[in-house]
Structures are given as C-alpha cells and as structure tokens.
Amino acid sequence: MRKIPNHGTLRMTKVAYPLGLCVGLFIYVAYIKWHRASAAQAFFTIAGAASGARWTQQAFSSPGSAARGHEVFYGIMFDAGSTGTRIHVFQFARPPGETPTLTHETFKALKPGLSAYADDVEKSAQGIQELLNVAKQHIPYDFWKATPLVLKATAGLRLLPGEKAQKLLQKVKEVFKASPFLVGDDCVSIMNGTDEGVSAWITVNFLTGSLKTPGSSSVGMLDLGGGSTQITFLPRVEVTSPAC
C-alpha cells in the first residue's frame, strides 16, 4: 500500500495560457541546444506535450536589444480547444548567461472551436489565417522565418471520429505551410490527456519558480477545461507496506 501526499495545489480554470508558455519554454530549450552546439541550425525533439514535433531554431537580436546584449526570440502557439481556437505570440529576451524572461505576449481567441468545422473543413482555414495575421503584426519581419509555429488540439478534436479530426489537422497544416513562419512535419497534432496535464504542470511550476530552484517544493494543478479535466502533481512516494 502506498501513501501519496499532494505537495501543494494550484487550481486553474484554463489550460490555454499555461500550454502556450510551456511551448515557449520548449522553444528556449531548443535554442540552448543550438547555442551550445555553435551551429547555424538545430533540430530539437520536444518531449511530452510536443509529441515529437521538430523544428529548426535560430536566434536573433533586435537592434534595440542587441545594444544591451539581450538575445530575443519568438514562438507562436495555437491552442485548438473544445470551445475556441486561440493564438499566443510569445516574445522572450535572454540576457547573456541568464534564463530568458517572457517580455511580451499577444493573445487572441476565436469561437467556435476547430471541431465545429468537422463537416465543413474548408471554413476552418479562414479563422486560422486571421490568427496568423495577428502574429505577423506583432513579430518583426526579420524574425518570421526563425519563429516556430505549432498547433496543439485538445478534447474537442479528441472527441471527433479519427478521419474527421485528421482532415481538420491537414487543412490547418496546409495553411501553416503557406505561412512565412517556421513549421515542421508535426506542426499540428492532437494532445492526449496525459500530455496536456504534464505540459500544464511544467508551465505552472516554471511560472512559480519551482523549476528554477533545486529542492524547492512543486505545486499541483487542476485544469477544468471545456471537454476534459486534468489533475497533475509530483508525488512523494512513501512505501508503507510491501508491494503485493
């Protein structure tokens, strides 16, 4: 018999912001790998939430930040939820030798969710393109080709028949490929519930500083979404009796 106490609880009503920032964190990790390898390009396989998506990551410095020695990079995250599709455009700044910080976020949401177009796939492209135009307005032109673009769908598409869900994803991928941003073969995908919960947990603990300080206590998270619920926490396992 095992006793698993919860080590703190942080309740959240939406996964969109944590999910987007989590991908931003993955983008930073990709950049670090590129920087240490001193290569012009790098391929990074995102574990967990990214489900193996790969992209080439480059880093640039804007004229204003370069004078201060800050390196700037961007990331674009689409959250295709059950009630709406949202875009998060993240801007990060990284002082030399330090952890990057989120310096700006642009957010816009459209309703209904992507799954509402299951019987009319072509109509889904209009909303995706509208959100991509938001990204173009908030990311400098010189950064477009180096800015990763990813869409993760959650419960709305998980509940659709497989063939209908894949047709929607294919249409989104076509729109992404026609954009000026950096897209990979797995730029659109459906997250399972486990990956969704783990991604949100990583992001919440990144935001609270738990992942930056060795030995610090982590917090748990409860996500009450439109079509699913995830509860995630890091247990401290104490064996109270021999396993059967």
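Residues numbered from 1 in each chain as written. Predicted model: local features only at pLDDT ≥ 70, side-chain atom pairs only at ≥ 80, totals over all residues. Heavy atoms only, no water.

K.L.:
Where do I start with the overall build of the protein chain in this structure?
P.N.:
When you go through the protein chain residue by residue, the secondary structure sums to six helices and 12 strands. Here the protein chain holds 244 residues, and the buried ones make up 49% of them. In the protein chain, the share of contacts with a sequence separation of at least 24, taken over all contacts with a separation of at least 6, comes to 65%. A total accessible area of about 12,200 Å² is found for the protein chain, and carbon and sulfur atoms account for 55% of it. (Helix = DSSP H or I, 4+ residues; strand = E, 2+ residues; numbered from the N terminus. Buried < 20%, exposed > 50% of the residue type's maximum accessible area, 1.4 Å probe, protein only. Contact = heavy atoms within 4.5 Å. Areas by Shrake-Rupley, 256 points an atom, 1.4 Å probe, with all protein chains shown as cover.)

K.L.:
Just checking my understanding: could you explain the side chain of Ser210 for this structure?
P.N.:
Within the element layout of this structure, Ser210 appears in the loop between helix H6 (193-207) and strand E10 (220-224). Looking at Ser210, its side chain comes within polar contact range of the side chain of Thr208, at 3.3 Å. (Polar contact = N/O pair within 3.5 Å; in protein donor to acceptor, adjacent residues only side chain to side chain.)

K.L.:
Just to check I follow, could you spell out H6 for this structure?
P.N.:
Since there are 3.6 residues in each turn of an α-helix, residues three or four apart along the chain are aligned in direction. With 15 residues, H6 extends 21 Å from end C-alpha to end C-alpha; this agrees with the ideal 21 Å at 1.5 Å per step. Where burial is concerned, most of H6 is hidden: 11 out of the 15 residues are buried. (Expected span 1.5 Å × (residues − 1).)

K.L.:
Help me understand the pairing of strand E7 (residues 101-110) in this model?
P.N.:
As a general feature of sheets, a regular strand has side chains that alternate between the two faces. Alignment of strand E6 (residues 85-94) against E7, held across nine bridges, turns out to be antiparallel. Across the sheet, Gln91 pairs through a bridge with His104, a residue of E7. Between E6 and E7, which pair antiparallel in sequence order, lie six residues; one of them, Gly97, sits at a positive phi of approximately 75°. (Pairing = 2+ DSSP bridges.)

K.L.:
Help me out: how do you make sense of the packing of aromatic side chains in this one?
P.N.:
Given two aromatic rings, one states the distance between the centres and the angle between the planes to describe the pair. One pass over the structure, following the stated rule, counts six aromatic pairs. Both rings, one in Phe73 and one in Phe92, keep their centres 5.4 Å apart while their planes meet at 15°; by these two values the pair is stacked. Of this pair, Phe73 sits in strand E5 (residues 71-80) while Phe92 sits in strand E6, and the two are 19 residues apart along the sequence. Here Phe73 falls in the buried class, since its relative accessible area comes to 2%. Relative to Phe143, the ring of Tyr74 lies with its centre 5.1 Å away and its plane at 75°, an arrangement referred to as edge-to-face. Here the residue Tyr74 occupies a position in strand E5, and Phe143 occupies one in the loop between helix H3 (124-138) and strand E8 (149-153), the gap between them amounting to 69 residues. Across this residue pair, the class does not change: Tyr74 and Phe143 are buried. Through pairs of rings, three or more aromatic residues link up here, namely Phe73, Phe90 and Phe92. (Phe/Tyr/Trp six-rings, centres within 6.5 Å; stacked < 30°, edge-to-face > 60°.)

K.L.:
Quick question: what am I supposed to make of the UniProt feature "active site" (unreviewed entry) in the protein chain here?
P.N.:
In the UniProt entry, the feature "active site" (unreviewed entry) is given for Glu196. Given a relative accessible area of 3%, Glu196 falls into the buried group. (UniProt positions renumbered as here; feature names shortened; annotations may be inferred.)

K.L.:
Whenever I open this one, helix H5 (residues 162-177) confuses me. Can you help?
P.N.:
End to end, H5 covers 22 Å across 16 residues, agreeing with the expected 22 Å (1.5 Å per residue, within 8%). What H5 keeps buried is the set Ala165, Leu168, Leu169, Lys171, Val172, Val175 and Phe176. For H5, the angular spread of buried residues about the axis comes to 155°, placing them on one side. Looking at the buried side of H5, the elements it contacts are E5, H3, E8, helix H4 (155-158) and strand E9 (188-190). (Arc of directions from axis to C-beta.)

K.L.:
Which parts of the structure should I look at to understand the confidence of the model for the protein chain?
P.N.:
Low pLDDT marks stretches whose predicted atomic positions should not be read closely. When pLDDT is averaged across the protein chain, the result is 74; 68% of the residues are at 70 or more. Within the protein chain, the lowest mean pLDDT, 29, falls on strand E3 (residues 43-45), and the highest, 97, falls on H3. Between residues 28-67, whose pLDDT stays under 50, and residues either more than four places distant or in other chains, the model counts 84 contacts. (pLDDT = per-residue confidence, 0-100.)

K.L.:
Just to check I follow, could you spell out the environment of Asp185 for this structure?
P.N.:
Topologically, Asp185 is positioned in the loop between H5 and E9. Spatially, the C-alpha atom of Asp185 lies 8.6 Å from that of Lys173, the residues being 12 residues apart in sequence. Other than its neighbours up to four places away in sequence, Asp185 contacts Lys173 and Lys177.

K.L.:
Is there a simple way to explain the sheet that holds E5 in this structure?
P.N.:
Sheet strands pair by backbone hydrogen bonding; their relative direction is either parallel or antiparallel. Reading across from one edge, E7-E6-E5-E8-E9 is the order of the five strands in this open sheet, with mixed pairing throughout. The sheet is open, and its two edges are formed by E7 and E9, each paired on a single side. Strand-to-strand, the axes of this sheet are offset by a mean angle of 20°, without reference to chain direction. Direction of pairing for E5 relative to E8: parallel, over a ladder of five bridges. Note on E8: the bridge partner recorded for Asp79 is Lys152. Against the sheet, H3 makes contact with E5, E6, E7 and E8, and its axis sits at roughly 150° relative to E7, the strand it touches most. (Axes fitted to C-alpha atoms, helices over the stretch in contact; angles between N-to-C directions.)

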